[in-house]
Amino acid sequence: MLKPGSVVAIRVALKDSVKPHIDNLQELVREFHCDKGSRYAELQHLLGKLDLVDFNNLLYCCAEEERDNGGGPYNLPGYGDLVYCGLQGIVSILSDIGPSNDLGHPLANNLRTGDWLIDHCSLRLKNYPNLAPVASWLEKNLAALKQIPRYMIPSYFDVILTGVHRLAIAAACNRMTDFVRQGSTFGKRLALGSVQCVRVAPSANLPKLSPNVNDPKPPERCSTLAAGLPHFATGYMRCWGRDTFIALRGLMFLTGRFDEARYMILGFGGCLRHGLIPNLLDGGLNARFNCRDAIWWWMYCVKLYVEEAPNGKAILKDKVSRLYPTDDSEPKAPGECDQLLYETIQEALAVHFQGLSYRERNAGTRIDAHMKDKGFNNRIGINPETGFVFGGNNANCGTWMDKMGSCDKSGNRGVPSSPRDGSAVELVGLQMASLRFMQRMAEEKVIPCTGVERTTNGTKTTWTYKQWADKISDNFEKHFYVDESTDSKFVNKKGMYKDTLGSEIPWTDFQLRCNFPIALCVAPELCDPKHAWRALETAKKYLLGPLGMKTLDFEDWGYRGNYDNSIDSDDKSVSHGANYHNGPEWVWPIGFYLRARLFFAKANGLLKETVAETWSILQTHLNELQRCHWRGLAELTNENGAYCNDSCRTQAWSMGCVLEVLYDLEKYEKEL
């Protein structure tokens, strides 16, 4: 029996059979800590051989994408599926449990119980041939973990996997532009949205490009851009026209992925029909032409590609393989009906200038279980008095605010929550930007066409691109800006720009929504700088949320700020998620809002304080990128930034549009 004050000393030592494995692991840990050593250098060399699609497979790849490739997610007993099948799925959890030393977490229990997760790290990579050398490195260097006491495994696993992940993230960013490589950690985190969302998806291909396209030629299977994870990751739901081209500059141009972006531009362009490109692509053969905005986002991206890509003007004379050379033609084989890209653009402009009414093919429940018959009737055109593009009707929804009612109990089935027919403000802005671009290309003799013509009742009308753009410029403020002199019983806010013009539901023209900053951003010449600043201040007061922009003014009678798609009630404003775009705060529009605000702050002598304000707003986005297991920015949030269960956890256009803000901030800070 020990007396009070006694001291007991116990000496412990590793078994001789274990010590070499501990030494092996300790040396690897030191290499990662010091960023040097033979195994560190070997892994760095292997990662340097990968392209960004390989890094998608290594780091990300959500469960749906892995199943698309014949695999599946790793399931942790007591926790569930990891959000990613790649390293990020594990590291996101390690980053939570490491600082708190939460050794009771299901991941730590899983590591102590067996070698399944250790083996998974290398085994899944063997399904991707380009990653086989990295798989071998992991298999060899994680083998020692299996030989040490089980209670020690979680700690070593954490340090090593985190080190591999850090090196892989750095290698991926080093494949990008100087803007990313030499930029902030914030910019790198956003740029990784390009790696998260772009991969070769077996169930979601681009249409085959022409064999006659310029060099570099496309691979047998091109990468595509997922609209969001996990809901829009595979199959016909992966590739959306508007989502792809809203996200394209941020995720593809600013990261240097111009070749892959070029294939997307040519692939979607090949599907032109009715003067439009598809909403849902579905490989081209099953595409739906039920949106009016994708064509303008596509055209705007061509403009940006020409301005920002190396030898960008060459794309205008690249070959587009037209799947449907006429609206009623049967699908053509790749290369059977080629035209130059500028000719495809010219056709789209000409169709809009002439005007077109058409009925969507296979109209009925086969393609849409909810839409009423009238909704399948589409029209596009321009107003000859203003030059504004218009289209749609009150039974369809042709812009991104495309929620169609689907509840019989409430009676909202087939009723669009926000049809936005008429002239939608952002489309007028995109139209303006595209016309000025075509005007410039014509004046520089890059393209031979100079304008458009139409024939009405035997009378031919011709406008040059300049005449068309000038007409829009002359009329935009007059018809869209709402101030004290605006005479309408539907005015409920002043100092703003209308959301639409000429809607079949007149009062919706005057709703304050988050779309007008897009027009201000892409075509600032349309606006009086003082009016623009006042409108942006109005948006700040009534629309700005912590992460996104309210899709409807919170004082509007139709505002419903919380989206829940599972509601099945007799309230038609929210049942089956009808309020998707009538209040909840979407992240991607904040990019255009902040960029427009920076532009017009400079014009109003307020740039310095606006740059500081912008950084303050973006701090919330940085925090979200660091906290969210998906390491992304969500599709939307509920009221005042509250979590939305039905949102995609990382959304391509959210990441891309906020990255564009950082790019602009860098430019303005240099000016200051």
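Residues numbered from 1 in each chain as written. Predicted model: local features only at pLDDT ≥ 70, side-chain atom pairs only at ≥ 80, totals over all residues. Heavy atoms only, no water.

## Thoughts on the UniProt feature "domain: Glycogen debranching enzyme central" (unreviewed entry) in the protein chain
Threshold: UniProt positions are given in the numbering used here, feature names are shortened, and annotations may be inferred rather than shown by experiment. A helix here means a DSSP run of H or I that spans at least four residues, while a strand means a run of E at least two residues long, and both kinds are numbered starting from the N terminus.
Per the UniProt annotation, the sites labelled "domain: Glycogen debranching enzyme central" (unreviewed entry) are residues 2-125. Taken end to end, residues 2-125 comprises 56% helix and 3% strand; its first and last C-alpha atoms sit 57 Å apart.

## Observations regarding the nonpolar core
Applied cut-off: Residues enter a nonpolar core if they are buried and are Ala, Val, Leu, Ile, Met, Phe, Trp, Tyr or Cys, with the set joined through side-chain atoms within 4.5 Å. To sort residues, take the accessible area from a 1.4 Å probe on protein chains only and compare it with the maximum for the residue type: under 20% means buried, over 50% means exposed, and anything in between is partly exposed. Here the bounds of each domain stem from an automatic or database domain assignment. Here, residues are in contact when the closest pair of their heavy atoms is within 4.5 Å.
F55, L58 and W298 are the most contacted members of the largest nonpolar core, which has 215 residues in total. Each of domain 1 (16-175) and domain 2 (179-671) contributes no fewer than three residues to this core. Residues contacting W298, with those up to four places away along its chain left out, are F245, I265, F268, G269, I277, L341, T344 and I345. Among the nonpolar cores identified, the runner-up in size contains five residues, and F232, W240, L280 and C648 belong to it.

## Description of the sheet that holds strand β8 (residues 356-359)
The strands making up a sheet are joined through hydrogen bonds of the backbone, oriented either antiparallel or parallel. Short version of the rule: A strand pair is defined by DSSP finding two or more bridges across the two strands. In this description, a line fitted to the C-alpha atoms serves as the axis of each element, helices being fitted only across the stretch in contact, and the angle between N-to-C directions of two axes falls anywhere from 0 to 180 degrees.
In space, the three strands of this open sheet follow the order β8-β9-β10, with antiparallel pairing throughout. Whereas interior strands pair on both sides, the edge strands pair on one side only; in this sheet they are β8 and β10 (389-391). Pairs of neighbouring strands in the sheet enclose a mean axial angle of 15 degrees, with direction left out of account. Against the sheet, helix α16 (residues 341-354) engages β8, β9 (377-382) and β10, with an angle of about 95 degrees to β9.

## What to know about the packing of helix α21 (residues 588-603) against helix α23 (residues 652-671)
Let me state the cut-off plainly: Put simply, angles under 35 degrees are roughly parallel, angles over 145 are roughly antiparallel, angles from 65 to 115 are roughly perpendicular, and the rest are oblique. Should the near helix be turned counterclockwise from the far one by less than a right angle, the crossing is left-handed, whereas a clockwise turn marks it as right-handed. Gly is placed with the polar residues, together with every amino acid not listed as nonpolar (Ala, Val, Leu, Ile, Met, Phe, Trp, Tyr, Cys and Pro) or charged (Asp, Glu, Lys and Arg).
As a packed pair, α21 and α23 sit with axes 7 Å apart at the nearest point and diverge in direction by 15 degrees. Between α21 and α23, the angle falls in the class roughly parallel. Relative to α23, α21 is oriented so that their crossing is left-handed. Judged by residue contacts, W588, I590, G591, F592, L594, R595, L598, F599 and K602 of α21 engage W653, S654, C657, V658, E660, V661, D664, L665, Y668 and E671 from α23. Across the contact of α21 with α23, the residue classes tally to twelve nonpolar, two polar and five charged.

## Quick look at a nonpolar patch on the surface
In plain terms, the rule: Candidate patch residues must exceed 30% relative accessible area and have no salt bridge, after which like charges are joined if within 9 Å and Val, Leu, Ile, Met, Phe, Trp or Tyr side chains if within 5 Å. Each accessible area value is a Shrake-Rupley result obtained with a 1.4 Å probe; residue values ignore everything except the protein chains displayed when judging cover. Whenever Lys or Arg places a side-chain nitrogen within 4 Å of a carboxyl oxygen from Asp or Glu, that contact is recorded as a salt bridge.
A cluster of nonpolar side chains, L2, V8, I10 and V12, forms an exposed patch at the surface whose accessible area comes to about 490 Å². Position of V8 relative to the elements: it lies in the segment before α1 (19-34).

## Notes on the environment of T614
You can see T614 is positioned in helix α22 (residues 607-627). Spatially, the C-alpha atom of T614 lies 35 Å from that of V200, the residues being 414 residues apart in sequence. Discounting residues that sit within four places of it in the chain, T614 has contacts with L594, L598, V661 and L665.

## Observations regarding the sheet that holds strand β17 (residues 549-550)
The strand order across the open sheet formed by three strands is β17-β18-β19, and the pairing between neighbours is antiparallel. Where the open sheet ends on each side, the last strands, each with one partner, are β17 and β19 (636-637). In the sheet, strand β18 (residues 585-586) pairs with β19 via two bridges, with the strands oriented antiparallel. Within β19, the position partnered with W586 by the bridge is L636.

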